[in-house]
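Descriptive analysis of the structure
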Amino acid sequence: MLHFFSLARWRAQARYWLSAGVLALLPLAASAQKVAAGGGFSFSIHADGTLWGSGYNQNGQLGDGTGVQRALPVKLGTSTWLSVASGSYFTEAIRSDGTLWAWGRNDKGELGDGTNFNRNAPVQVGTATNWRSIAVGYTHTLALKTDGTLWAWGRNDYGQLGNGTTNGSANAIPVQVGTDTDWQSAAAGVYHSLALKSNGTLWAWGFNGDSQLGDGTTTTRTVPTQIGAGTVWQSVAASPFALHGVAIAANGTLWAWGRNVNNQLGDGTAAVRRSPTQIGTATTWQQASAGPNYTVALQTDGTLWGWGNNDYGQLGDGSTTNQATPTQMGTATTWQEIATGSSQTVARRTGSSILAWGLNSNGQVGSPAAPTPLLLAPAQVGSATDWTSVAAGLDFSLGTRAAAERWGWGTNITGELGTGSALKAVLAPVHAGTDAWQQLSAGYRHGLGIRPDGSLWAWGHNGNGQLGQGTQYNNPPVPTPVQVGGAASTWLSAAAGSDFSVAVRADGTLWAWGLNNVGQLGDGSTTLRNAPVQVGSATTWQRVSAGNSFAVALQTDGSLWAWGTNGSGQLGQGNTTAQLTPQQVSIGTSWQSVVAGGAFVLALKPDGTLWAWGDNGSGQLGDGSTTPRLSPTAIGTATWQQLAAGANYSLALRPDGSLWTAGANGVGQLGDGTTTTNRSAFARVGTATWQRIATGSLATHTLAVQTDGTLWGWGNNGAGQTGLPFTAPAPVVVFQQPLPVELTAFTATAEGPATVRLAWATASEKNSQAFEVERSLDGTVFAPLGTVAAAGSSSSARRYGLVDANLPGAVLLYYRLKQVDLDGSFSYSPVRAVALGPASAGAGLALFPNPAHDAATLTGAAPGTEVRVSDALGRPVTSAPADAAGTAALALPAGLPAGVYVVRAGARALRLVVE
């Protein structure tokens, strides 16, 4: 009997590995399936014909009836499907009855349903029941019917629909491309189309600025144009994000043309190729898929190859190293189909297993084994213990360590990290030079920094003059800091906002530059300034903070001033009127510090009281409501020490080092372990003690430094801005089709201090060669322990066992079964954890209550020790410091699955049972 695991069941199984009943083996090899990858989302069709999708969903491109991002695949209705293809923000698929369906973004008519309305659930395209295949571009679709006709719809401003026109309006229903009935296959690119006829000829049309048509020119074509005179073509590939084409000839040779700046053609150069150029000499190519700036392909022996850009591990070799020529990825020989998305790759192996790798910014990899794009609770960044400051931009971060040298991580498309290079994302904190820095600020796409000598420097995006260089341009980016204001100027404070900058000089004057469409520069105008202009004539300015198109600043007398946009009352004037010059905030002259969020402000008075005003739609003011406040409003009676304001959430630090958050929580930015509920009142995050906190007016991620100098991050991690992994550079399993072995029991039981007995049973087996028992110390890396012969093919119940009498002395051991089929394919069972270790492993520690529900207390730890709780796979759950008496109060996250967990205090550990 076959056990078909859905992803939902698999996820539930993973969460309850320690208490499962009837089990199914999860293979790494399977049979034919369809896969698709789009702009931050992915799909796969399983062996039973069901369709599953994960990732970005703002335009309804997952088709599940919502706009909710999915980190793991969700099933799309109950229909059965034959094929699926995904574009930039939409998807088309053919059902088993030959009907065509579409969903997602539709402003260019790309769905083909006759409208321009987005659809978050499948809608039928016409009434035909003879659709054969589909190809999806950036905003247009090509599809073939079983009668050999080719049809197109969607955007057509470059002639990509092949109908002889270049109208930019939507073409919202399928229109036949010419009258030919011998089309064999098609591929859709960004704004161009490729297709093969049954006689082996290659045709192309649409935009051709990068020679992506392969006709030897850069001339746009509005009707199908034959490429060369050859009749030898077998398959052709393009993608919604690629400006190059790849094709395989009937003799198995590989050919490519078009854009090549990232070596995506694989010829070892970065030179554009205006017509098909053979890549290497191999004659065993079977399938190719073109990503935005990379290519992956399969050979007939089932091996996987990749080349081009590899920033996010999209080539699947476990690294982020680019490859200039085809390079084999791993050693597997069971690959059958591949699909490339914006920066992720999805593939299937023999036996119906689906795997994926690459960028997981929105959950598009869709595997529990992939780093999550959202971090719901604080996680440590690296192991350094000397972090001194941090700053958060839109999706990048800056920081300094003990030597005051600058570090950066996250997106770097416009050089916002200031590392001297641009475009390539930085997946973990990288050293950005040896200069010392006194203050850093991160904005939308640019950074500002003040050095110890008072000089001000800027880097990153400059499209609105926000770098203060007297120019405004966006290309090329400015990845290396440039000085602002000349060598003689010295500065006290600087703030990077949304495409504008404000700063205070050492003489107390206030200056601003950059975008000024709503008066955010405060100079009395709405004129863009590409160099610093003085704001008023006062010489008593002290500190400044920039929000989203507004700013707030303190003067030395304690008065607080604000200017710019004011739609939510963020200027604190008691109204919503925008101001082109600084206006005093309505209450008093006793302000101590202030921070500007997206459209709200937090401020402290000298007595430590917290005040807030502006937008409160997500509860970010922390006053227990979602009512906007047009004037400063006191928040509770507690005293506070430090504040940070994000796009729509707030952070506050008390004098005792405790951290509190309020506001939006859709991407885990509150750090409470959930994404389910916004919070309109401040609540504490864990029990750790903190010394620095940071977020930004455009940011949905948080950075914080604990009192021990360690750096932590949480919230949105779609670009690696928390400094923690957000890519899967090697294939991880999305769906596993079980092999025909029904495993009914698998236990691992400690027998005394030095023995573990493993026992398992099957109800039936087919072509089962052996069970290999594997053991792990951390639940991640497993090593073979022993092999037990299997039954081959049997319909009778069988029992097996193995004793592990050579234990390594660990506190917790992990076991799994690797079931090997006669043909060499194999599968894994769920993991079993056994708490077992030397008698001294937890000596001196006491843990109560145990079993626990919501909280537990550990005693006997060394004062100040960070006590950590991890699950059966070694993943962190929560932590708390031991107080002066050696006691740690452990608050368990809401909804934590029942099971066995490990509580560690230094080298000692105890087992905790959660019920």
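Below, the discussion takes up the overall build of the chain. Assigned secondary structure in the chain consists of one helix and 71 strands. Dimensions along the principal axes, computed over C-alpha positions, put the chain at roughly 80 × 80 × 50 Å. A burial count over the chain gives 58% of its 915 residues as buried. Restricting the contact set of the chain to residue pairs at least 6 apart, pairs at least 24 apart contribute 55%. For the chain, the exposed surface amounts to about 31600 Å²; the carbon and sulfur share of it is 51%. Averaging the positions of the 47 positive and the 48 negative side-chain charges in the chain gives two centres separated by 2 Å.

Moving on, we come to unusual backbone geometry. Both trends apply: most residues other than glycine have a negative phi, and most peptide bonds are in trans. Of note in this structure, Ala-404 is not a glycine but carries a positive phi near 70°. Relative to the helices and strands, Ala-404 is located in the loop between β31 (396–401) and β32 (405–410). With a phi angle near 55°, Asn-767 is a residue other than glycine that sits in the positive phi range. Mapped onto the fold, Asn-767 is located in strand β59 (residues 756–776). On the accessibility criterion, Asn-767 (32% relative accessible area) is partly exposed.

Read across the open sheet, the four strands follow the order β34-β35-β36-β37; overall the sheet is antiparallel. A single partner strand is all that each edge strand has here, and the edge strands are β34 (439–442) and β37 (473–484). In this sheet, neighbouring strand axes are inclined to one another by 10° on average, regardless of whether the strands run parallel or antiparallel. Alignment of β34 against strand β35 (residues 446–450), held across four bridges, turns out to be antiparallel.

Right, let's talk about the sheet that holds strand β16 (residues 202–206) for a bit. Note on sheets: strands pair through backbone hydrogen bonds, and any given pair is parallel or antiparallel. One open sheet holds the four strands; their spatial order is β14-β15-β16-β17, and the pairing between them is antiparallel. Each edge of the open sheet is held by one strand with a lone partner, namely β14 (183–188) and β17 (221–226). Each strand axis lies, on average, 15° off the axis of its neighbour in the sheet, ignoring direction. Strand direction decides the pairing type here: strand β15 (residues 192–197) and β16, joined by five bridges, are antiparallel. Each bridged residue has a counterpart across the sheet, and for Ser-193 the counterpart in β16 is Trp-205.

It is worth spelling out the packing of aromatic side chains at this point. One pass over the full model with this rule turns up 32 aromatic pairs. Taking the centre distance of 6.0 Å and the plane angle of 65° together, the rings of Trp-387 and Trp-407 count as edge-to-face. Remark: Trp-407 occurs in strand β32 and Trp-387 occurs in strand β30 (residues 387–392); sequence separation between them is 20 residues. Between Trp-591 and Trp-611, the aromatic rings sit 6.0 Å apart at their centres with planes inclined by 85°, giving edge-to-face as the arrangement.

Looking now at the confidence of the model for the chain. For the chain, per-residue confidence averages 90 on the pLDDT scale, and 94% of positions sit at 70 or higher. Confidence drops under a pLDDT of 50 for residues 1–32, and excluding neighbours within four residues, the segment shows 112 contacts in the predicted structure.

Our focus in this paragraph is the pattern of salt bridges. Within this structure, the stated rule accounts for 21 salt bridges. With its nearest N and O atoms 3.4 Å apart, the salt bridge here joins Arg-445 to Glu-416. Taken together, the positions of Arg-445 in the loop between β34 and β35 and Glu-416 in the loop between β32 and β33 (426–436) put the pair 29 residues apart, joining distant regions of the chain. The buried category is assigned to Arg-445, whose relative accessible area is 14%.

Rules of the game
Residues numbered from 1 in each chain as written. Predicted model: local features only at pLDDT ≥ 70, side-chain atom pairs only at ≥ 80, totals over all residues. Heavy atoms only, no water. Helix = DSSP H or I, 4+ residues; strand = E, 2+ residues; numbered from the N terminus. Buried < 20%, exposed > 50% of the residue type's maximum accessible area, 1.4 Å probe, protein only. Contact = heavy atoms within 4.5 Å. Areas by Shrake-Rupley, 256 points an atom, 1.4 Å probe, with all protein chains shown as cover. Lys, Arg positive; Asp, Glu negative; His and termini not counted. Charge placed at Lys NZ, Arg CZ, Asp CG, Glu CD. Pairing = 2+ DSSP bridges. Axes fitted to C-alpha atoms, helices over the stretch in contact; angles between N-to-C directions. Phe/Tyr/Trp six-rings, centres within 6.5 Å; stacked < 30°, edge-to-face > 60°. pLDDT = per-residue confidence, 0-100. Salt bridge = Lys/Arg side-chain N within 4 Å of Asp/Glu carboxyl O.

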